[in-house]
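So the chains spell out like this:
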Amino acid sequence: MALSKPVWMQEVISSYFNDSKAQHIISQLLIAPTSLQHYTYHHEVLRYKTRLYIGRCNNVRATIIQSIHASAVGGHSGIQATYMRAKAHFFWTKLKQDMSTSYHRQTDGQTKRVNACLENYLRCMTGHQPKQWVQWLTLAEWWYNTSFHTSLRMSPFKALYGDEAPHLAFPSSTTSSVASVEQY
């Protein structure tokens, strides 16, 4: 039975073809699947510690960075937050270096920085319908509280609750012992 793959996954797989390091790793794993610690190769997909390995010979890396940075959940968060989101799901050497060429740090005061971030997020998400910004406030709050903060060295959500926030696209099956939370 053939598995169908989304177009972007085909691009990831294609990124291995002209990447000599990826080709070497894949060759070794095909001969001895457990020969390289932390690497796996299954259904044409190379992974490093469960993260997708991205080859270096096409525009997939730039597309991934742009998608994470400009998505509603990514919210134009800046280099550190975008890096942390990318690093959670993807692997390639020089990931941080590739990102640092695209972004600039801002050094405003804390309140000015928060306001600027939220204004930027709302502007990006409501550019096509600016009068609808109020509808984005809940997601803006989620974005801000789940983004990596350099001062905390983690997201505010993780600082408060001790765990990473659940991903909105993959709901958790976690239950609570608090009745009002369960009813909500």
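Residues numbered from 1 in each chain as written. Predicted model: local features only at pLDDT ≥ 70, side-chain atom pairs only at ≥ 80, totals over all residues. Heavy atoms only, no water.

Before going further, it helps to spend a moment on the overall build of the protein chain. When helices and strands are counted, the protein chain shows 9 helices and 4 strands. Order of helices (α) and strands (β) in the protein chain, N terminus to C terminus: α-α-β-β-β-α-α-β-α-α-α-α-α. For the protein chain, long-range pairs separated by at least 24 residues make up 48% of all intrachain contacts whose partners lie at least 6 apart in sequence. Accessible area for the protein chain stands at about 12,600 Å²; split by element, carbon and sulfur atoms hold 54% of it. (Helix = DSSP H or I, 4+ residues; strand = E, 2+ residues; numbered from the N terminus. Contact = heavy atoms within 4.5 Å. Areas by Shrake-Rupley, 256 points an atom, 1.4 Å probe, with all protein chains shown as cover.)

Our next topic: the pattern of salt bridges. With the rule as written, the count across this model stands at 2 salt bridges. For Asp 19, the salt bridge identified is with Arg 56, shortest N-O distance 3.9 Å. Of this pair, Asp 19 sits in the loop between helix H1 (7-14) and helix H2 (20-31) while Arg 56 is found in the loop between strand E3 (51-53) and helix H3 (60-70), placing the two residues 37 residues apart along the sequence. Two residues, Glu 164 and Lys 158, come together in a salt bridge whose shortest N-O distance is 3.6 Å. (Salt bridge = Lys/Arg side-chain N within 4 Å of Asp/Glu carboxyl O.)

Our focus in this paragraph is the sheet that holds strand E2 (residues 45-48). A sheet is described by the order of its strands in space; here 4 strands give the open sequence E1-E2-E3-E4, paired in mixed fashion. Bordering the open sheet on either side are strand E1 (39-42) and strand E4 (90-91), each of which pairs with just one other strand. (Pairing = 2+ DSSP bridges.)

On the surface, Trp 133, Val 134 and Leu 137 cluster together to form a nonpolar patch covering roughly 280 Å² of accessible area. Inspection of the secondary structure assignment puts Val 134 in the loop between helix H6 (110-126) and helix H7 (137-146). (Patch = residues over 30% accessible without salt bridge, like charges linked within 9 Å, V, L, I, M, F, W, Y side chains within 5 Å.)

The subject of this paragraph is the environment of Ala 88. Mapped onto the elements of the fold, Ala 88 is located in helix H4 (residues 79-89). Judged by its relative accessible area of 47%, Ala 88 is partly exposed. A C-alpha to C-alpha distance of 9.3 Å links Ala 88 and Thr 50, two positions 38 residues apart in sequence. (Buried < 20%, exposed > 50% of the residue type's maximum accessible area, 1.4 Å probe, protein only.)

A few words now on the nonpolar core. Within the largest apolar cluster, 28 residues are counted, with the highest numbers of intra-cluster contacts made by Tyr 16, Tyr 39, Leu 46, Tyr 53 and Ile 54. Secondary structure elements with two or more residues in this core: H1, H2, E2, E3, H3, H4, E4 and helix H5 (95-100). Not counting residues up to four positions away in its chain, the partners in contact with Ile 54 are Val 12, Ser 15, Val 60, Arg 61, Ile 64, Phe 90, Phe 91 and Trp 92. (Core = buried A, V, L, I, M, F, W, Y, C linked by side-chain atoms within 4.5 Å.)

Moving on, we get to the side chain of Ser 15. Here Ser 15 is to be found in the loop between H1 and H2. Reaching out from Ser 15, the side chain makes a polar contact with the backbone nitrogen of Gly 55 at a distance of 2.8 Å. (Polar contact = N/O pair within 3.5 Å; in protein donor to acceptor, adjacent residues only side chain to side chain.)

We now examine the confidence of the model for the protein chain. Looking at the protein chain, the pLDDT average stands at 81 and 82% of residues meet or exceed 70. Low pLDDT, under 50, characterises residues 104-108; the predicted model gives this stretch 2 contacts beyond four residues in sequence or across chains. (pLDDT = per-residue confidence, 0-100.)

This brings us to unusual backbone geometry. What is expected of a backbone is that most residues other than glycine have negative phi and most peptide bonds are trans. Its identity is not glycine, yet His 38 carries a phi of approximately 80°, on the positive side. Structurally, the position occupied by His 38 is in the loop between H2 and E1. Overall, His 38 belongs to the partly exposed group, its relative accessible area being 39%. One non-glycine residue, Lys 49, lies in positive phi territory at about 50°. With respect to the helices and strands, the residue Lys 49 is situated in the loop between E2 and E3.

Listed as buried for H1 are Met 9, Val 12 and Ile 13. Projection of H1 onto a plane perpendicular to its axis shows the buried side chains occupying an angular sector of 100°, all on one side. Where H1 is buried, its residues touch E2, E3 and H3. (Arc of directions from axis to C-beta.)

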